[in-house]
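Here is how the chains run, residue by residue.
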Amino acid sequence: MTLVQLRVFVAVAHLGSFTAAAAALLRSQSSVSEFVRRLEGAYDTALFVRGRRRLTLTDAGAVLLPMAERIIAEADSADRALRAVTSLVGGTASFGLLRNAKYYALDELLTRFHAAHPAVRLRVIGLNSVEVANEVASGGLEAGLVVLPIDTDGLRVTPLRRDEVVFVSRDPSVAEQPMTIEAMAARRLVLYDAHYGWRDPTRRQFAERARLAGVSLEPHVEVEQVETALALVASGVGDTFIARAVAEVSAAGLGLHWTPFAEPVHDTVALVERDGSILSAATSELARLARELLTEG
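Residues numbered from 1 in each chain as written. Predicted model: local features only at pLDDT ≥ 70, side-chain atom pairs only at ≥ 80, totals over all residues. Heavy atoms only, no water.

S.K.: What's the story with the overall build of the protein chain in this structure? I'm lost.
M.R.: Counting secondary structure elements, the protein chain contains 11 helices and 11 strands. Taking the principal axes of its C-alpha atoms as reference, the protein chain extends roughly 80 × 45 × 30 Å. With 297 residues in all, the protein chain has 42% of them scored as buried. Put simply, of all contacts in the protein chain between residues at least 6 apart along the chain, 75% involve residues at least 24 apart. When the accessible surface of the protein chain is totalled, it reaches about 14800 Å², and 52% of it is carbon and sulfur. A distance of 7 Å separates the average location of the 31 positive side-chain charges in the protein chain from that of its 36 negative side-chain charges. (Helix = DSSP H or I, 4+ residues; strand = E, 2+ residues; numbered from the N terminus. Buried < 20%, exposed > 50% of the residue type's maximum accessible area, 1.4 Å probe, protein only. Contact = heavy atoms within 4.5 Å. Areas by Shrake-Rupley, 256 points an atom, 1.4 Å probe, with all protein chains shown as cover. Lys, Arg positive; Asp, Glu negative; His and termini not counted. Charge placed at Lys NZ, Arg CZ, Asp CG, Glu CD.)

S.K.: Before we go on, may I ask you to explain the pairing of strand 6 (residues 155–169) in this structure?
M.R.: Every other side chain in a regular strand lies on the same face of the sheet, so the side chains alternate between the two faces. Relative to strand 11 (residues 266–274), strand 6 runs antiparallel, the two sharing nine bridges. By the bridge assignment, V157 is partnered in strand 11 with V272. (Pairing = 2+ DSSP bridges.)

S.K.: Is there a simple way to explain the layout of surface pockets in this structure?
M.R.: Empty space among the atoms becomes visible once a probe the size of a water molecule is rolled across them. Here the second largest pocket is characterised by a volume of approximately 180 Å³. Around the second largest pocket, the lining residues are V10, E69, I72, A73, E74, D76, S77, R80, R274, D275, G276 and S277. Looking at the lining of the second largest pocket element by element, the count peaks at seven residues for helix 4 (residues 59–83). (1 Å grid on protein atoms, 1.4 Å probe; cavity = no way out; pocket = protein on both sides within 12 Å on 5 of 7 lines; lining within 4 Å. Points joined across faces, edges and corners; volume = space filled by probe spheres on them.)

S.K.: Teacher, can you tell me more about helix 10 (residues 244–251) here?
M.R.: Count 3.6 residues to each turn of an α-helix, and residues three or four apart come out pointing the same way. Within helix 10 the residues assigned to the buried category are A245, V246, A247, S250 and A251. Packed against the buried residues of helix 10 are strand 6, helix 9 (226–234), strand 9 (240–243) and strand 10 (257–260).

S.K.: Sorry if this is basic, but what is going on with the environment of A210 here?
M.R.: Locating A210 in the fold gives a position in helix 8 (residues 201–213). On the basis of relative accessibility, which here comes to 3%, the residue A210 falls in the buried class. In this structure, the C-alpha to C-alpha distance between A210 and T228, residues 18 residues apart in sequence, is 25 Å. Setting aside its immediate chain neighbours within four residues, A210 contacts I181, V215 and L217.

S.K.: Mind showing me how you'd approach the packing of helix 1 (residues 3–15) against helix 2 (residues 18–25) here?
M.R.: Pairs of packed helices are described in terms of their axes, by the angle between the two and the distance that separates them. Contact pair helix 1 / helix 2: the axes reach a minimum separation of 8 Å and the direction vectors enclose 125°. Here helix 2 runs oblique to helix 1, going by the angle between their axes. When you trace helix 1 past helix 2, the crossing you get is right-handed. Where helix 1 abuts helix 2, its residues R7, V8, A11, V12 and L15 lie against F18, A20, A21, A24 and L25. Residue composition of the contact of helix 1 with helix 2, grouped by class: nine nonpolar, no polar and one charged. (Axes fitted to C-alpha atoms, helices over the stretch in contact; angles between N-to-C directions. Parallel < 35°, antiparallel > 145°, perpendicular 65-115°, else oblique. Left-handed = near helix turned anticlockwise from the far one by under 90°. Nonpolar A, V, L, I, M, F, W, Y, C, P; charged D, E, K, R; others polar.)

S.K.: Hey, could you run me through the pattern of salt bridges in this one?
M.R.: Charged atoms that come close allow side chains of opposite charge to pair. Inspection of the entire model under this criterion finds 18 salt bridges. Two residues, R187 and D239, come together in a salt bridge whose shortest N-O distance is 2.5 Å. Residue R187 is located in the loop between helix 7 (181–185) and strand 7 (189–191), and its partner D239 is located in the loop between helix 9 and strand 9; the two are separated by 52 residues in the primary sequence. The exposure class assigned to R187 is partly exposed, which follows from its relative accessible area of 30%. Here D239 falls in the buried class, since its relative accessible area comes to 7%. (Salt bridge = Lys/Arg side-chain N within 4 Å of Asp/Glu carboxyl O.)

Now the structure itself:
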């Protein structure tokens with residue numbers, strides 16, 4: 001049993017045909033069929049039921065598949081570990097950024113990296129922290145920056161920076177005293193990150209506090225972008241809560257007022273990596289620069 005045979009077997013199992021697996025592996029259909037035939041012959045057992053339209057796993061194939069996937073994952077991890085010690089002369093850095101990255105000057109992160117390693121390609125995806133965490137845990141991204149709390153199953157989490165969350169309003173009297181969860185529940189709220197709703201890390205904190213206080217937080221308006229939410233607050237539609245970094249950059253320019261919460265609330269920016277993984281040299285360097293930049297901030 002060879003690693004190549006296992007890769008071919010897994011591809012056929014996932015794609016359901018020798019033709020599709022051959023195309024995905026950039027091999028001929030005959031060679032893919034031969035790899036599977038030899039693997040079956042070595043153990044004198046069929047791994048697939050040959051149907052008219054699709055191959056399906058036999059009992060033996062179903063037993064082999066998860067083990068083959070683990071072996072391939074370990075082999076790929078070993079390959080990355082060896083490549084991680086090589087110099088940064090190429091490759092791709094795969095990284096996720098939290099939605100409000102620009103308010104933490106993270107454009108400088110990419111500028112610094114590219115200036116130092118111009119031959120390295122950058123694949124940087126800006127998503128809600130929920131999605132960044134999911135992409136890293138599933139292997140879609142090597143690492144990323146998120147706001148806590150998130151579901152941390154399968155992740156290594158390194159907190160880097162805390163930023164206070166403040167309550168923002170057009171009404172100057174709101175800034176005269178700290179906001180309570182009970183008082184906020186009585187106000188008309190304009191919230192952003194509508195797609196993720198109460199799964200969003202900052203909203204999760206407030207939802208838990210509201211639950212403990214026995215009140216309900218119901219947004220009057222939900223939008224996707226924080227800038228849209230602030231524009232609506234400036235027009236008098238309602239109030240919102242945002243990180244202080246956002247307030248200092250965007251809310252101030254709109255003439256809005258903000259106040260901290262009586263029981264302080266913080267967004268914690270953290271670096272996440274898939275548990276047990278070894279970052280490529282490029283992504284490892286990007287993560288190092290992110291830690292450095294956020295610590296400076």
